[in-house]
Each structure stands twice: as structure tokens, then as C-alpha cells.
Amino acid sequence: MTILHTARLRLEPVTEQHYDAMHAMNSDTEVMTYLNAGQPETEEHTRAAVARIMGRWAEWGYSWWALMRTEDEVLVGLACLQHIGGDKAKPHEIGWRLARSGWGKGYASEAAQAIVAHAFDVVGAPEVVAVAHPDNAASIKVMTRLGMQYVGMERHYDLDSVVYRLPRP
């Protein structure tokens, strides 16, 4: 499994050791404002997510990374390379979610840049896409900072979402 490094983060594949910090983040209603219909995750949902993520790492060789701040080894968020809706026939998707302690510090952009490079240089993805709730200005800002272009509105993960695309250079 691939570990990525940035100036301030170590991106390590999500495993059961990340469960407690992941569940704490995913049960924060502010973190979940634009995800999961704004509802915090249950313990069972987070456990199922960890199992699904670990399975995708085994099957695909990529999935969700835990964003570990290197200065103190604190999990400040999660970021991914996956297929939209978990369907390998669909495009590669990048995504992120940050704990409140990581908001406004550039961690999402930093992690996403490393994941985009991995997607193009190692995985060989022809493009990456990202989706977000149309009101999620912070995520949309990350997408535009990455050079992604707006494609339009589509329905993903039971939400009407903006879709951005970045072709392989």
C-alpha cells in the first residue's frame, strides 16, 4: 500500500488503527454538513467504511488515505483516489474531508496535489474528477486551485453535486 508525503503531511492508507480518529471526525456534525445528508456517522457506518476502504486498497491498490500531520502525528483528515460510486468502470475521483482542526490550513490542497500526481504518474488515470455539494465553497476552492474545470451538475452519492475535471497533462 502506498504512503505519500507532502511538506506537512504523511498520507497513509486507512486501516483499523485510524478508526477512533476517523469516527470522531465523521461524527462531527460540522464536518458532515455537506456529506451524509448532514448527519453524523454511526460507529457501525465508520467500521463498515474502514472495511470497504481496506478492501479497495487490496483490490485496486488505492483508496482513502489518513492525512497525518507530521509535526504531531495527528489525523487532520482523509483524502482519496477512488472510482465514482465505487464503480471501476467510472472515472477516478479525488476527494477529501478534514477535521475542524485542519480547516483553513491548506491541507486539502496539499494532499490533493500529491494524490493527483499519484493518479497520473503511478496509476495512469486519464483524468480525475471531483464532486461536491454546490454550497461547499471550501471544496470547490480546492478543485479550482488544482486547475480543475467545472463540468456541470450531476447526481452522485444521493446528492446533486458540482463536478470538476482535470485531464492528464
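Please refer to the structure higher up on the page.
One structure accompanies this document, and this report is about it. No experiment lies behind these values; they were computed from the predicted model shown. Numbering of residues starts from 1 in every chain and runs along the sequence as written. Confidence filtering applies because this is a predicted model: local features only for residues at pLDDT of at least 70, side-chain atom pairs given and counted only at 80 or more, and all residues used for totals across whole chains, interfaces and linings. Only hydrogens and water are set aside; all other atoms, that is, all heavy atoms of the structure, feed into the side-chain values.

Moving on, we come to the pairing of strand β7 (residues 149-156). The pairing criterion for strands is at least two bridges between them, as found by DSSP. Secondary structure follows DSSP: runs of H or I at least 4 residues long count as helices, runs of E at least 2 residues long count as strands, and numbering of each begins at the N terminus. Bridge count between β7 and strand β8 (residues 159-167): seven bridges; the pairing is antiparallel. Its bridge partner being in β8, Y150 is matched across the sheet by Y164. In this structure, the hairpin formed by β7 and β8 is closed by a connection of two residues, where Y157 is found at a positive phi of approximately 55°.

The subject of this paragraph is the packing of aromatic side chains. Only centres within 6.5 Å qualify two rings of Phe, Tyr or Trp (six-membered ring in Trp) as a pair; their planes then separate them into stacked at under 30 degrees, edge-to-face at over 60, and tilted for everything else. Scanning the model with the defined rule gives three aromatic pairs in all. Residues W57 and W65 carry aromatic rings whose centres are separated by 5.1 Å and whose planes lie at 85° to one another, so their mutual orientation is edge-to-face. Neither residue differs from the other here; W57 and W65 are each classed as buried. For the ring pair W60 and Y62, a centre distance of 5.8 Å and an interplane angle of 40° mean the geometry is tilted. Three labels apply to residues, based on accessible area from a 1.4 Å probe with only protein chains included: buried if under 20% of the type maximum, exposed if over 50%, partly exposed otherwise in between. Using a relative accessible area of 5% as the deciding quantity, one classes Y62 as buried. Each ring is checked for a lysine NZ or an arginine CZ that lies within 6 Å of its centre and within 35 degrees of its normal; such an atom marks a charge sitting over the ring. The ring of Y19 is capped by R47, whose NZ or CZ atom sits 4.0 Å from the centre of that ring.

Our focus in this paragraph is the pattern of salt bridges. Think of a salt bridge as a Lys or Arg side-chain nitrogen and an Asp or Glu carboxyl oxygen that are within 4 Å of each other. The tally for this structure, following the rule as stated, stands at nine salt bridges. In this structure, E110 and R8 form a salt bridge, with 2.7 Å as the shortest nitrogen-oxygen distance. Taken together, the residues E110 in helix α3 (residues 107-123) and R8 in the loop between β1 (4-5) and β2 (9-13) connect sequence positions 102 residues apart. One network of salt bridges, with partners in common, ties together R10, E12 and E73.

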